Amino acid sequence: MIRLTTGQAARTLRHPYTLHPPVLALDFGATSVLITTAGPVTVDDLKFARQLAREAAHFVLTLERHFSVSHCEHRHADQSAKATTGKAA
């Protein structure tokens, strides 16, 4: 297993080519992962790309949910601190 962590250095790039299959690049600072086909695009390539898109969409929804929950908890902690001390946290 290889763990690549998202953050400021992480980004994705899509390289569409007219004469060659496209390349999806996932950059994590000094490490890059390139996703492309082994040759002409096949049905299996399309299935994989759709699965990748589905899982990426679920990843986004899960991140949004976790961000929202942690953001609400942080705000709640700030409000509780203000109520307890009468000052801003």
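Residues numbered from 1 in each chain as written. Predicted model: local features only at pLDDT ≥ 70, side-chain atom pairs only at ≥ 80, totals over all residues. Heavy atoms only, no water.

1. Some remarks on the overall build of the protein
A tally of regular secondary structure across the protein gives 1 helix and 3 strands. Moving toward the C terminus, one meets the helices and strands of the protein in the order β-β-β-α. Here the protein holds 89 residues, and the buried ones make up 4% of them. Carbon and sulfur atoms make up 61% of the accessible area of the protein, which totals about 7,900 Å². (Helix = DSSP H or I, 4+ residues; strand = E, 2+ residues; numbered from the N terminus. Buried < 20%, exposed > 50% of the residue type's maximum accessible area, 1.4 Å probe, protein only. Areas by Shrake-Rupley, 256 points an atom, 1.4 Å probe, with all protein chains shown as cover.)

2. Here we look at the sheet that holds strand β1 (residues 10-15)
Sheets are built from strands paired through backbone hydrogen bonds, the pairs being either parallel or antiparallel. Here we have 3 strands laid out as an open sheet, ordered β1-β2-β3, and antiparallel in their pairing. A strand with exactly one partner marks an edge of an open sheet, and here the two such strands are β1 and β3 (31-35). The average undirected angle you get between the axes of adjacent strands in this sheet is 15°. Two strands pair when backbone bridges link them, and strand β2 (residues 23-28) and β3 are joined in this way by 5 bridges, in the antiparallel orientation. Paired with D27 across the two strands is S32, which belongs to β3. (Pairing = 2+ DSSP bridges. Axes fitted to C-alpha atoms, helices over the stretch in contact; angles between N-to-C directions.)

3. Re the pattern of salt bridges
Under the counting rule described, the total for this entry stands at 1 salt bridge. Put simply, D27 and R11 hold a salt bridge, and the shortest N to O gap is 3.5 Å. Note that D27 is positioned in strand β2 and R11 in strand β1, a separation of 16 residues in sequence. By relative accessible area, which is 10% here, D27 ends up buried. (Salt bridge = Lys/Arg side-chain N within 4 Å of Asp/Glu carboxyl O.)

4. Let's talk about the layout of surface pockets
In this structure, the largest pocket occupies an estimated 490 Å³ of space. Every residue lining the largest pocket is counted, 15 residues in all, and those nearest its centre are T6, T12, L26, A56 and F59. Elements with a contribution of two residues or more to the lining of the largest pocket: β1, β2 and α1 (43-85). Broken down by element, the lining of the largest pocket gets its largest block of residues, 6 residues, from α1. Tallied by class, residues from the lining of the largest pocket come to 9 nonpolar, 3 polar and 3 charged. Of the voids in this model, the second largest pocket is the one considered here, and its volume is about 260 Å³. Around the second largest pocket, the lining residues are P22, V23, L24, I35, T36, T37, V41, D45, L46, F48, A49 and L52. Elements that contribute at least two residues to the lining of the second largest pocket include exactly β2 and α1. Per-element accounting of the lining of the second largest pocket gives the leading share, 5 residues, to α1. (1 Å grid on protein atoms, 1.4 Å probe; cavity = no way out; pocket = protein on both sides within 12 Å on 5 of 7 lines; lining within 4 Å. Points joined across faces, edges and corners; volume = space filled by probe spheres on them. Nonpolar A, V, L, I, M, F, W, Y, C, P; charged D, E, K, R; others polar.)

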